[in-house]
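Geometric and topological summary
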Amino acid sequence: MSRERIDLMKPMKSLDDVNSIHINQDRKIHSATHEEILKGATTDIYFLRTLDILKEMDLDSTTVTAEIFPRKHGVFAGIEEVKNILKNKDIEMWTLDEGEEFSPKDTVIRIKGPYKEFGAYETVILGALASACGWATAAREIKEACGEKSFLCFGARHVHPSVAPVMERAAVIGGANGASCILAAKLLDIQPSGTLPHAAMLIAGDTKKIAEVYDEVMPEDHKRIVLVDTFKDEVEESLRIAKALGKNLYGIRVDTPSERGGVTPNLIKELRYKLDMAGYNYVKIFVSGGLTPDRIKKLSEVGADSFGVGSYISAASPIDMTMDIKEVEGKPVAKRGRLPGLVDNPKLKYVQL
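Overview of the structure. Here the structure is a predicted model, which is why all the values come from computation and not from measurement. (Residues numbered from 1 in each chain as written. Predicted model: local features only at pLDDT ≥ 70, side-chain atom pairs only at ≥ 80, totals over all residues. Heavy atoms only, no water.)

1. A look at the nonpolar core
Phe-151, Val-287, Phe-307 and Ile-313 are the most contacted members of the largest nonpolar core, which has 52 residues in total. Among the elements that line this core, the one with the most residues is helix H7 (residues 122-146), at eight residues. Filtering out sequence-adjacent residues up to four positions away, Val-287 remains in contact with Val-254, Val-263, Ile-268, Leu-299, Ala-304, Ser-306, Phe-307 and Gly-308. Membership of the second largest hydrophobic core comes to 34 residues, among which are Ile-111, Ala-120, Ile-125 and Leu-129. (Core = buried A, V, L, I, M, F, W, Y, C linked by side-chain atoms within 4.5 Å. Buried < 20%, exposed > 50% of the residue type's maximum accessible area, 1.4 Å probe, protein only. Helix = DSSP H or I, 4+ residues; strand = E, 2+ residues; numbered from the N terminus. Contact = heavy atoms within 4.5 Å.)

If you want it as structure tokens, here you go:
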């Protein structure tokens, strides 16, 4: 076992624990491991400094009640990670359910217990919530734009791989109908979604050629969706693929790059019209590439059936979360500018850790 791993086998409870960390210079990935996060190694240093001082004053076991609130409206996600971070700690906790909407200043989590049990994890908890809630909220905005139509999250390529499954899982919590990231889908106990990239067409040299092999080798229950913008005009290629695959073709995907004007409402309108005119009204139209809620509404109106969304979700700003101590040994307290005492939220539910 490496020295780095041995040093992180115990929780971070003081500055001495920080000084004992020795990083292996051969470390290949800079992101924190699960063990490092759970031990508190990604917290802000001043929480450990606080614990040392409170311990010196014999106050580190003081029972406090802390509440977490957001700065703006959003969708709640990330609580499952928070539960695992605080598992087996001597605390009580109340939270919203994942997928619940919240307003600014709503209490989304309440924690009660000795400060030394959870104080060092404030940074970790707030970070887990801020990112997940931001991604889930963006996904909810996309869902509202889609109405009854579906969309998949394709955002893994836009974020560090260590958080890609966190992001796509949060997107599904927010309303996405599926995720392309394998680990995200497995965490949700669903199958990853996706068909073929442009790379497949470019290597094969012909969309029709690879579409026919794709149709041949995939399981019967797989929905065959083929990209149609690699080599030819999107309408021409769609009709060509529809003729080749017949009823086996579930849909076509249009991902026209911005260099050629992107996917426009006029293109989708023409495509839908000509597919229907040729007898392929059963072929669905999937659209991806720089989609926003406004673009989705416009494309949906002219015939798009489903959407692949990446950067709108992955680039969503985190929703700032704040943790305040609201009671010390049962006495209401607050820093200046905040109201002392608990802020009730009837949506809060007691959680068994």
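Having put the structure on the table, let's press on.
2. Concerning the packing of H7 against helix H14 (residues 293-301)
At their nearest, the axes of H7 and H14 sit 8 Å apart, and the two run at 20° to each other. Taken together, the axes of H7 and H14 lie roughly parallel to each other. Here H7 runs over H14; the crossing is right-handed. Across from Glu-141, Ile-142, Ala-145 and Cys-146 in H7, the residues of H14 making contact are Pro-293, Ile-296 and Lys-297. When its residues are assigned to classes, the contact of H7 with H14 shows five nonpolar, no polar and two charged. (Axes fitted to C-alpha atoms, helices over the stretch in contact; angles between N-to-C directions. Parallel < 35°, antiparallel > 145°, perpendicular 65-115°, else oblique. Left-handed = near helix turned anticlockwise from the far one by under 90°. Nonpolar A, V, L, I, M, F, W, Y, C, P; charged D, E, K, R; others polar.)

3. Observations regarding the pattern of salt bridges
With the rule as written, the count across this model stands at 16 salt bridges. Taking the shortest distance from any N to any O, the salt bridge between Glu-67 and Arg-110 comes out at 2.8 Å. On the criterion of sequence distance, the pair formed by Glu-67 in strand E1 (residues 63-70) and Arg-110 in strand E5 (residues 109-114) is long-range, its members being 43 residues apart. Summarising the burial analysis for this pair, Glu-67 and Arg-110 share the class buried. The residue Arg-240 makes a salt bridge to Glu-237 at a minimum N-O spacing of 2.7 Å. One end of the pair is Arg-240 and the other is Glu-237, both in helix H12 (residues 234-245) and three residues apart, which spans about a single turn. Looking at Glu-237, the relative accessible area reads 0%, which means it is buried. One salt-bridge network, in which partners are shared between bridges, spans Glu-67, Arg-110 and Lys-326. (Salt bridge = Lys/Arg side-chain N within 4 Å of Asp/Glu carboxyl O.)

4. Regarding the pairing of strand E7 (residues 224-227)
Here E7 shows a buried face lined by Arg-224 and Val-226 and a second buried face lined by Ile-225 and Leu-227. The sheet contact formed by E7 and strand E8 (residues 249-254) spans four bridges and is parallel. If you follow Arg-224 over to E8, its bridge partner there is Leu-249. Read from E7 through H12 to E8, the crossover connection turns out right-handed. (Pairing = 2+ DSSP bridges. Right-handed = clockwise from strand over helix to strand, strands pointing away.)

5. Focus on unusual backbone geometry
Its identity as a non-glycine residue notwithstanding, Asn-88 has a phi of 70°, on the positive side. Note that Asn-88 resides in the loop between helix H5 (79-85) and strand E3 (92-95). Within the chain, Lys-105 stands out as a residue other than glycine whose phi angle is a positive 75°. Counting through the fold element by element, Lys-105 comes out in the loop between strand E4 (101-102) and E5.

6. Quick notes on the side chain of Glu-122
Secondary-structure assignment places Glu-122 in helix H7. For the buried Glu-122, which has no salt bridge, the nearest side chain bearing the opposite charge is Lys-335, at an N-O separation of 8.6 Å. Not counting the four nearest positions on each side in its chain, Glu-122 is found in contact with Phe-47 and Met-323. (Lys, Arg positive; Asp, Glu negative; His and termini not counted.)

7. A few points about H12
Given a rise of 1.5 Å per residue, 12 residues ought to cover 16 Å, and the 16 Å separating the end C-alpha atoms of H12 matches this to within 8%. What H12 keeps buried is the set Glu-234, Val-235, Glu-237, Ser-238, Ile-241, Ala-242 and Leu-245. Around the axis of H12, the buried residues are gathered within 160° of arc, so they sit on the same side. Against the buried residues of H12 lie helix H11 (207-217), E7, E8 and helix H13 (265-277). Positioned one or two residues after H12, Gly-246 has a phi angle of 60°, which is positive. (Expected span 1.5 Å × (residues − 1). Arc of directions from axis to C-beta.)

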